[in-house]
Amino acid sequence: MSEEHKMTKQDKLALTITLAAIFFGVFFLGFVGLIFNLFG
């Protein structure tokens, strides 16, 4: 891990989008499951 690694703006953007996509995907699935359990 001795190479320099700088986060460019593009890297930060990609990381943010990836994390947001995972978070909202999990949240959405959980929410849909909850709705099905309550009303299904």
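How each quantity is defined
- Residues numbered from 1 in each chain as written.
- Predicted model: local features only at pLDDT ≥ 70, side-chain atom pairs only at ≥ 80, totals over all residues.
- Heavy atoms only, no water.
- Helix = DSSP H or I, 4+ residues; strand = E, 2+ residues; numbered from the N terminus.
- Expected span 1.5 Å × (residues − 1).
- Buried < 20%, exposed > 50% of the residue type's maximum accessible area, 1.4 Å probe, protein only.
- Phe/Tyr/Trp six-rings, centres within 6.5 Å; stacked < 30°, edge-to-face > 60°.

### A word on helix α1 (residues 9-39)
For step 1, the next point in the chain: With 31 residues, α1 extends 44 Å from end C-alpha to end C-alpha; this agrees with the ideal 45 Å at 1.5 Å per step.
For step 2, the next point in the chain: In terms of burial, α1 is a largely surface element, zero of the 31 residues being buried.

### Here's the deal with the environment of Lys6
For step 1, the next point in the chain: You can see Lys6 is positioned in the segment before α1.
For step 2, the next point in the chain: Lys6 gets classed as exposed once you look at its relative accessible area, which sits at 66%.
For step 3, the next point in the chain: Residues Lys6 and Phe39, 33 residues apart in the sequence, show an inter-C-alpha distance of 49 Å.

### Here we look at the packing of aromatic side chains
For step 1, the next point in the chain: For the structure shown, the criterion picks out three aromatic pairs.
For step 2, the next point in the chain: Taking the centre distance of 6.5 Å and the plane angle of 15 degrees together, the rings of Phe23 and Phe27 count as stacked. Placement of the pair is Phe23 and Phe27 together in helix α1, with a separation of four residues, close to one helical turn. In terms of burial, Phe23 and Phe27 fall into one category: exposed.
For step 3, the next point in the chain: When the ring of Phe27 is compared with that of Phe31, the centres are 6.2 Å apart and the planes differ by 10 degrees; the resulting orientation is stacked. Residue Phe27 and its partner Phe31 are located together in helix α1, separated by four residues, close to a single helical turn.
For step 4, the next point in the chain: Through a chain of ring-to-ring contacts, three or more aromatic side chains come together here, namely Phe23, Phe24, Phe27 and Phe31.

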